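# Observations on the model geometry
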Amino acid sequence: MLARLVSRLVLTLILTASTQVYAELNLFKGGHAKYFFLYGTFPDDSLYLDYIDSPAIDHNGDLRLKFGWRQDKVSVVTDYQLVGQYGDSITLSNSLPGQVLNTSRVPSDDYRLFDLTHVISEDNDSVLAHRLDRLYIDITGSKAVARVGRQAVSWGNGLIYTPMDFFNPFDPAAVDKEYKTGDDMLYGQYLVDNGDDLQAVWVIRRNLDGNVSKDVNSIAAKYHGFSGETEFDILIAEHFDDSIFGLGAITNIGGAVWRGDITLTLTDDSMSETGNVPSAVTSLSYSWISWGHNISGILEYFYNGFGIDDGNYSPEVLADNPELVERILRGELFTLARHYIAASAMIEMTPLWLLTPNIFLNASDGSLLAQLVSSYDVKQDVQLLAALGLPAGPGGSEYGGIDSGIPGKPLSFGASLFVQLAVYF
């Protein structure tokens, strides 16, 4: 209770401070304003049509203001967010609470140590909230870094799927991956003389009752080293009730770059009879020039040890796989099946325009998501981002529409369009 009161006080003080004061103290470090439009369709038999019409339309805004202060080796970083959402996705989210494939886009602090999010207004089809997505103190020495507070950390070598990154990873099909959601943690890094480094984090969370509990915390350490032209990672972690061990590496193979991670999760309540669940990702990336355009390609394979291997995602099967469902609800996994293949090619159409076709293939059930992403720098500090998505697959498959438990009413999506205009300052 005290921690939440303190966090509310900190948020209030920051929001009530005037812009003039920030300018005089040179604390304002920039930010962005983003407006994004979502247009989604649904097949005629989709269960979602019982709650909203097709097409579904959303208008969303995200304002981020960045503040910082530094004195010698100590710095303080604060990122303020104002998030507004209006449209059918909010209605759908309110109509189907707890549905595995339908989550709110407004981050919640219900289970974080500090409650730095406040909903200003909310109704059936809109929400307006503000929050602190970053709030930490950074102490930097000649060989060590210590950071305390709300921050983000990314680990692992997967470019699309990231089994070694279990701290708020991005959805593989997410279009805007500029900022990860922050967590309340202690972070430390020590630099070794030979260039290697050791990182450690302690993420402190609250349980379902709102109490701080070690059962939902994460304590992890990762050693990053070099051996010739190869980089390697060694990970050990205690994450919720699981122990996780991981190995990763990056090296050159001919003119391509190979990356890979493998993790082993030890859990007493898993799908594996031994309680040991492996996951792995491996990829090749290569750059070349074709028809006068620079192209960077990625081919990646992901083995999801917690995934379902027979293509049956019925409510009964999901209920029998609590380890998978828990990770999806926690935002650590975004995939239902066991095997995935992803391919991506970023094409430099002009120096200001990047075109990226993506394919996400569920190799366990044959369904896929095709995506075409366009990123265009309209002018300095103004970017237009757009993506067209098209799922395909047989009935009952992940991208074709999984079984909802209601006969003839799958949880299925159709083609979608995402358009975002971002202004940076």
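Just so you know, these numbers come straight off a predicted model, no measurement behind them.

### Examining the confidence of the model for the protein
- Residues at a pLDDT of 70 or more form 90% of the protein, whose mean pLDDT is 92.
- When the criterion is pLDDT under 50, residues 16-20 qualifies, and its contacts beyond four places in sequence or with other chains add up to one contact.

### Some points on a nonpolar patch on the surface
- Taken together, the side chains of F28, L352, W353, Y376, V378, L384, L421, V423 and F425 present a nonpolar region at the surface, about 740 Å² in accessible area.
- Of all the secondary-structure elements, those providing two or more residues to the nonpolar patch are β17 (368-379) and β19 (416-424).
- Within the secondary structure, Y376 sits in strand β17.
- The class for Y376 is partly exposed, based on a relative accessible area of 35%.

### Observations concerning the environment of D123
- By the secondary structure assignment, D123 is in strand β4 (residues 117-123).
- When its relative accessible area of 41% is taken as the criterion, D123 is described as partly exposed.
- Separated by 32 residues in sequence, D123 and T91 place their C-alpha atoms 8.7 Å apart.
- In this structure the side chain of D123 is engaged in a polar contact, spanning 2.7 Å, whose partner is the side chain of S126.

### Some thoughts on the side chain of E323
- Within the secondary structure layout, E323 lies in helix α5 (residues 322-329).
- Exposure remark for E323: the relative accessible area of 6% places this residue in the buried category.
- Among the polar contacts listed, one links the side chain of E323 to the side chain of T267, at a separation of 3.1 Å.

### Concerning the nonpolar core
- Counting 29 residues, the largest nonpolar core has Y161, L324, L336, Y340 and F360 as its most contacted members.
- When residues of this core are traced back to their parent elements, those giving at least two are β13 (276-290), α5 and β15 (339-350).
- Tallying contributions element by element places α5 first for this core, with three residues.
- Beyond its immediate sequence surroundings of up to four residues, Y340 is in contact with Y161, E300, Y301, F302, T335, L361, N362, A363, E398 and Y399.
- Within the second largest apolar cluster, 13 residues are counted, among which are W155, F167, M185 and V203.

### A short note on unusual backbone geometry
- Cis geometry is found at the peptide bond from S54 to P55, where omega equals 5°.
- For P55, the position within the fold is in the loop between β1 (28-40) and β2 (56-71).
- Positive phi, close to 60°, is recorded for D72, a residue that is not glycine.
- Structurally, D72 can be placed in the loop between β2 and β3 (74-87).
- Judged by its relative accessible area of 64%, D72 is exposed.

Here is what the cut-offs are and how they apply
Residues numbered from 1 in each chain as written. Predicted model: local features only at pLDDT ≥ 70, side-chain atom pairs only at ≥ 80, totals over all residues. Heavy atoms only, no water. pLDDT = per-residue confidence, 0-100. Contact = heavy atoms within 4.5 Å. Patch = residues over 30% accessible without salt bridge, like charges linked within 9 Å, V, L, I, M, F, W, Y side chains within 5 Å. Areas by Shrake-Rupley, 256 points an atom, 1.4 Å probe, with all protein chains shown as cover. Salt bridge = Lys/Arg side-chain N within 4 Å of Asp/Glu carboxyl O. Helix = DSSP H or I, 4+ residues; strand = E, 2+ residues; numbered from the N terminus. Buried < 20%, exposed > 50% of the residue type's maximum accessible area, 1.4 Å probe, protein only. Polar contact = N/O pair within 3.5 Å; in protein donor to acceptor, adjacent residues only side chain to side chain. Core = buried A, V, L, I, M, F, W, Y, C linked by side-chain atoms within 4.5 Å.

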